[in-house]
Amino acid sequence: MKGIPHTFKLWIVLLACTPLHGAGCRGPSQPKPADPVQARQALRLTLDTWQRGAALGSLKEREQPIHVVDHQWRSGYQLVRYQLGADGPLGANLRCQVQLALKSDKGQSVHKKADYSVGTSPVLTVVREEDA
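Here goes a summary of the coordinates provided. Quick caveat, the model's predicted, so the values are computed rather than measured.

## Some remarks on the sheet that holds strand β1 (residues 66–69)
Note: strands within a sheet are paired through backbone hydrogen bonds, in either parallel or antiparallel orientation.
Part 1 of the argument: Ordered by their spatial adjacency, 5 strands build an open sheet running β1-β5-β4-β3-β2, and the pairing between neighbours is mixed. The open sheet has two edge strands with one neighbour each: β1 and β2 (78–90). Within the sheet, the average angular offset between the axes of one strand and its neighbour, ignoring direction, is 20°.
Part 2 of the argument: For strand β3 (residues 93–103) and strand β4 (residues 109–119), the ladder comprises 10 bridges, and the chain directions are antiparallel.

Here it is, written out as structure tokens:
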């Protein structure tokens, strides 16, 4: 899969892990809507983990793994602080708006509004929408 972007590979893996209930019998099944409470908890845990300086992949090691895609975390930006904003449904996921205060590896401060798409079924996913 050389030459294929990392984000695309992650989506392939996530789709491959999705159970196919009744495949071929009743047509495609609809994804289960995200649990808003669980989605917000997963997003907070993800952002708190980033803010503590942990590695991006560290959340995959939990008993209930969280699969995260965020280009600035992957690129080495430090999360200084964040503020959760409004959220609402986005298909089967929950879209959450977040104000981010970041610091680059060169010490440059960056303030950004980011939208995250958070899924809770069949696995926990936190994907920054501009990375999707």
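Right, picking up where we left off after that structure.
## A closer look at the pairing of β4
Put simply, side chains in a regular strand alternate between the two faces of the sheet.
Part 1 of the argument: Taking the residues that link successive antiparallel strands as the turn, the β3-β4 hairpin has 5 residues, and the phi of Gly107 there is positive, at about 85°.
Part 2 of the argument: As paired elements, β4 and strand β5 (residues 124–128) share 4 bridges and run antiparallel to each other. If you follow Gly119 over to β5, its bridge partner there is Thr125.

## Quick notes on the environment of Gln99
Part 1 of the argument: On the secondary structure map, Gln99 appears in strand β3.
Part 2 of the argument: Residue Gln99 is classed as partly exposed on the basis of its relative accessible area of 42%.
Part 3 of the argument: For the pair formed by Gln99 and Lys113, sequence separation is 14 residues and the distance between their alpha carbons is 4.6 Å.
Part 4 of the argument: Sequence-distant contacts of Gln99, that is, excluding residues within four places in its chain, are made with Arg81, Tyr82, Gln83, Lys112 and Lys113.

## Here's the deal with the nonpolar core
Part 1 of the argument: Leu43, Leu47, Leu100, Tyr116 and Val118 are the most contacted members of the largest nonpolar core, which totals 22 residues.
Part 2 of the argument: For this core, the elements supplying multiple residues, two or more each, are α2 (36–51), β1, β3, β4 and β5.
Part 3 of the argument: Sequence-distant contacts of Leu43, defined by excluding residues within four places in its chain, comprise Leu84, Cys96, Val98, Tyr116, Val118 and Val126.

## What to know about the side chain of Thr46
Part 1 of the argument: Examined against the element boundaries, Thr46 turns out to sit in helix α2.
Part 2 of the argument: Given a relative accessible area of 2%, Thr46 falls into the buried group.
Part 3 of the argument: The residues touching Thr46, leaving out its near neighbours within four places in the chain, are Leu59, Ile66, Val68, Trp73 and Val126.

Calculation notes
Residues numbered from 1 in each chain as written. Predicted model: local features only at pLDDT ≥ 70, side-chain atom pairs only at ≥ 80, totals over all residues. Heavy atoms only, no water. Pairing = 2+ DSSP bridges. Helix = DSSP H or I, 4+ residues; strand = E, 2+ residues; numbered from the N terminus. Axes fitted to C-alpha atoms, helices over the stretch in contact; angles between N-to-C directions. Buried < 20%, exposed > 50% of the residue type's maximum accessible area, 1.4 Å probe, protein only. Contact = heavy atoms within 4.5 Å. Core = buried A, V, L, I, M, F, W, Y, C linked by side-chain atoms within 4.5 Å.

The quantities given are spatial measurements derived from coordinates; they are silent on function.
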